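Per-entry structural report
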Amino acid sequence: MSARSHRSPRAYRGRLLTPAAAPAGGSAVRFLDDALLVVDEAGLIAQALPFAPGAFRGPVLDLRPAVLMPGFIDAHIHFPQTRIIGSASGALLDWLERSVFPEEARFRDDGYAALVAAEFTARLRASGTTTCVVFSSSCPGATDQLFRALLHAGLRGIAGLTLMDQNCPEALCVPRDEAIPAARDLVQRWHGEGHGLLEFAITPRFAPSCSRPLMEAAARLAQDHDLLVQTHVAETPAEAEATRREHPWARDYLDVYDRVGLLTGRTLLAHSIHLSSREWDRIAETGSSVVHCPDSNFFLGSGRMRLGDARARAVPVALGSDVGAGRSFDMRRSMSSAFDNAVCLGDRLTPADLFVVATQGTADAVGLGRVIGSLDAGKEADFIAVRFPEHVLAESEVLNHLVFASETAVVQRAFVRGKPIYP
Ligand SMILES: [Zn+2]
C-alpha cells in the first residue's frame, strides 16, 4: 500500500473561503459560514459543501470558528537568505555584495545548510505557506539539504541549484562543467520525490552572473526533463546595464534568456519591473509567467511592477515574498504590499483580487493550477485553517483582516495533500 493511500476519508468543519470561477479580468470568491471539506484517502478534495447533519458519515474534525482556505503559494523565495531578512545595505547590486553573497558562501557547510533549511521550512509552515518555489545557493550539498528539509516538513516545493559562473565571489562561482552535472544529479535524486510533491527547477540567478554557455546548457537540461525554469529579470536599471555589458549580443534584457532557450511555458520571471512593451509582448508569446515581489521591491527601492502590463497580455502573475529582500515569510505581507504597489501606480486592488492572485493565480502561474490553488473537488487538499477575531463574521471582513490585519488572523493548522504539516 502506498504512502498516499493509507488514510481513510475524513472531513473538516469550519467556515470556508476559496477562489471561485470569475468573469474574465475579475476575481470572485466563495464563502461559506459553515462548511464541510471532505478529503479522500488519497488526499484529494472530494467535496466542499455547506454543513448539514449527516452529510458525511466518516470522522469530522471540527475546526470552527476557523476559516478553511487554500494554503498560500510563495512563487519566489531564497532559502539561503533566511537569516539576513532586513539587511538594509543598499539597492540590489550593493545588497548582493554586502549582505547576500557573504551569507550564501556559508552554505558550503552542509551542517549550516541543514540548520537553516530546518528554520526555513518551519517559517513557511507557520506562515500558512504550503507550496514554495525556491532558489537554493550555488552549492549542491546545500540544495540537497533543502530538499531533505522540504520532504521532512511535508511541504510541496519546487527548488533549484542557483547557477552562477561569473561576476560573483570565488566562493559562489561554479563553472558549467561542475554545475550542470550537479544539477543533473539533483534531478535524479529529487525530481518527483515525495510522491510528486518535490520538483527540481533550473535556476540561473540572473543574466549578469551567468555565461551564455551555462545558460544554454541549463536550457537543454530543462528541456530534457520538462523542468520549471526560474530567474530574475529587469529588477533594477543598474542590473539591466550590467546585463547589457555582459551580453552585448542580445537586443535587451529579456532577449538574453530568449536566445539561450530559457523562455518556455514553464518559466517564472521574478520582478519584471523595467521591461519594454516588446519584452512584455515576448513574455506573452512564449507563455512564460512573471512573479510579482512587491515587498522586496519596496525594501530595495527597485521600482513598481505594473500589473496592468501583464494583465493586458494575459501573462500569468504569481506572487512571491522574495525573502530575504522581502521582509516576511507571510504571503499576506506580499498581498498587502501588492496593494500598496498598485496604489502608487494609481490603481486599486481589492482584498478578493489579492487573495485570488495569491492562491489560484499563483498556482496557475507555476503550472499547478489544476492541482492546488482552490478548495474545489478533485484538487489535492493543500489547505490552512485561520482563526479570526470573534467580530470578524462577514466575507468582506474576513478578506480585509486576512490581507491587511494579518496579525489578527492566526494560522492554526496547515495540511498538504490532506496530511497535517503544522503545527
Ligand atoms: Zn529573488
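Reading the values: the criteria
- Residues numbered from 1 in each chain as written.
- Predicted model: local features only at pLDDT ≥ 70, side-chain atom pairs only at ≥ 80, totals over all residues.
- Heavy atoms only, no water.
- Helix = DSSP H or I, 4+ residues; strand = E, 2+ residues; numbered from the N terminus.
- Buried < 20%, exposed > 50% of the residue type's maximum accessible area, 1.4 Å probe, protein only.
- 1 Å grid on protein atoms, 1.4 Å probe; cavity = no way out; pocket = protein on both sides within 12 Å on 5 of 7 lines; lining within 4 Å.
- Points joined across faces, edges and corners; volume = space filled by probe spheres on them.
- Nonpolar A, V, L, I, M, F, W, Y, C, P; charged D, E, K, R; others polar.
- Salt bridge = Lys/Arg side-chain N within 4 Å of Asp/Glu carboxyl O.

The next thing to look at is the environment of Leu319. Structurally, Leu319 is set in strand 13 (residues 317-319). On the accessibility criterion, Leu319 (2% relative accessible area) is buried.

So, about empty space enclosed by the protein. Taken as a whole and judged by the stated rule, the model has two cavities of 30 Å³ or more. Within this model, the largest cavity holds a volume of roughly 80 Å³. Along its surface, the largest cavity is lined by His78, Gln81, Leu92, Trp95, Leu96, Arg205, Phe206, His232, Glu235 and Asp322. Top element by residues in the lining of the largest cavity is helix 1 (residues 92-105). It accounts for three residues. Partitioned by chemical class, the residues of the lining of the largest cavity number four nonpolar, three polar and three charged. Put simply, the second largest cavity is a space of about 50 Å³. Forming the boundary of the second largest cavity are Ala240, Thr243, Arg244, His247, Ala250, Arg251, Asp252, Tyr253 and Val256. Broken down by secondary-structure element, the contributors of at least two residues to the lining of the second largest cavity are helix 6 (237-246) and helix 7 (253-260). A total of three residues in the lining of the second largest cavity trace back to one element, the largest contributor, which is helix 6. Partitioning the lining of the second largest cavity into residue classes produces four nonpolar, two polar and three charged.

Applying the stated criterion to the full structure yields 22 salt bridges. Two residues, Glu104 and Arg205, come together in a salt bridge whose shortest N-O distance is 2.9 Å. In this pair, Glu104 is assigned in helix 1 and Arg205 in the loop between strand 9 (198-204) and helix 5 (212-225), connecting sequence segments 101 residues apart. A salt bridge links Arg327 to Asp295; the nearest nitrogen and oxygen atoms lie 2.9 Å apart. Taken as a pair, Arg327 in the loop between strand 13 and helix 11 (331-344) and Asp295 in helix 9 (residues 294-300) lie far apart in primary sequence, 32 residues in all.

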